[in-house]
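For reference, the chains in residue letters:
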Amino acid sequence: MTTNAKKGRIFSGMRPSGRLHLGNHIGALQNWVNLQQEYECIYCAVDIHALTDSASKDATSQIKPNIYEMVLDWLAAGVDPEKSIIFVQSHVREVVILHGILSMFTPMGWLMRVPTFKEKLRQLDATEHTVSYGLVGYPVLMTADIILYKADTVPVGEDQLPHLELAREIVRRFNHLFGPTFPEPKAKLTTYPLVVGLDGQSKMSKSLDNHIELAASPEDTTKKVMKAVTDPNRKFLSDPGRPEVCNVFALHKYFNPDKVDQIHQQCTSASIGCVQDKQLLAKGINDKLNDLRERRQELASKKGLVEEILMDGAAKAQTIARETLGQVMERLGLA
Ligand code: TRP
């Protein structure tokens, strides 16, 4: 990996949730792939973060297989181990030490007012007293992730902005107390409209089962698309549709970009029905993902390949991590 002529260093992480879906691809993964042209990129499967909602043996035993499936999707989509460092968070244990150190300089007040933390408490029906220590410190670990590699740019979705703000505060405090050590990481917002699920109700997500996996077969893709909810007001073929409220239409924008105008016109004039419209979408998705799916199968057939890439990535990441941690220890007077 060369640093010259690159705009800066990117770090981003994804929780290992298993196979990715269309929403993850459009929202984050495609962006990761593109950023490799201009930045030095480090991409991480954040398995320690995943422990914050996996307090059972059943749940933790899913993490490793989930990493494998997710990383296969990364590689198939074009995240390139020749260009970028791809690794698993827990393979570079320096991050846990840095997390511990940063936690000594992070006031509880900063953590308690992070909106995602408050939201999580509501979701879990928990309080500050029952929630785990690790969940409170989630953004501190995220900060450690980023600054251990001295990344200056972090591509994230809007939901992660409060975490980035906290990371910047922690960096400012550390630099102020011990001398300039870390760059203040900037968020790089991924600009894409929200990808709505097939239910037409909420964001596409695995837990709501309103998603299509990247790795799904063409048959499964078609089956799922055919069940998608369209404009609820369009009951009869002769009713004109309203593409602006239809999530199938929203997906046409990505998967049939050169046909959207035509589809819009045919839908609003009732010259095409929802069934036909969905068939077009299913075809668009299957055509667009065909190469990715082929590459995925090919990669999956090479036994040990993913493991090897991750080992190699961890070794490269660790070289940077050791150097940063050494510097931190020195700044603290502990070296
Ligand atoms: N918190 C992020 C999420 O839930 C994942 C993450 C962990 C991350 N560490 C990171 C993202 C560092 C960017 C940089 O999506």
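Scroll up to find the structure this text is about.
First, a word on what this report is: a plain description of the structure on this page. (Residues numbered from 1 in each chain as written. Predicted model: local features only at pLDDT ≥ 70, side-chain atom pairs only at ≥ 80, totals over all residues. Heavy atoms only, no water.)

1. Looking at the environment of threonine 221
Then comes step 1: With respect to the helices, strands and loops of the structure, threonine 221 is situated in helix α11 (residues 218-226).
Then comes step 2: Excluding residues that lie within four positions of it along the chain, threonine 221 makes contacts with Ile212, Ala216, Ile285, Asn286 and Arg293.
Then comes step 3: A distance of 2.8 Å separates a polar atom in the side chain of threonine 221 from the backbone oxygen of serine 217. (Helix = DSSP H or I, 4+ residues; strand = E, 2+ residues; numbered from the N terminus. Contact = heavy atoms within 4.5 Å. Polar contact = N/O pair within 3.5 Å; in protein donor to acceptor, adjacent residues only side chain to side chain.)

2. Here's the deal with the pattern of salt bridges
Then comes step 1: Evaluation of the coordinates by the stated rule reveals 18 salt bridges.
Then comes step 2: Notably, a salt bridge pairs aspartate 73 with arginine 296, separated by 2.6 Å at the nearest N-O pair. Remark: arginine 296 occurs in helix α14 (residues 274-301) and aspartate 73 occurs in helix α4 (residues 63-77); sequence separation between them is 223 residues. Both residues of the pair, aspartate 73 and arginine 296, belong to the buried class.
Then comes step 3: A salt bridge links glutamate 94 to arginine 322, with the shortest nitrogen-to-oxygen separation between them at 3.5 Å. Highlighted residues: glutamate 94 in helix α5 (residues 94-103) and arginine 322 in helix α15 (residues 305-332), separated in sequence by 228 residues.
Then comes step 4: For glutamate 94, a relative accessible area of 10% translates into the label buried. (Salt bridge = Lys/Arg side-chain N within 4 Å of Asp/Glu carboxyl O. Buried < 20%, exposed > 50% of the residue type's maximum accessible area, 1.4 Å probe, protein only.)

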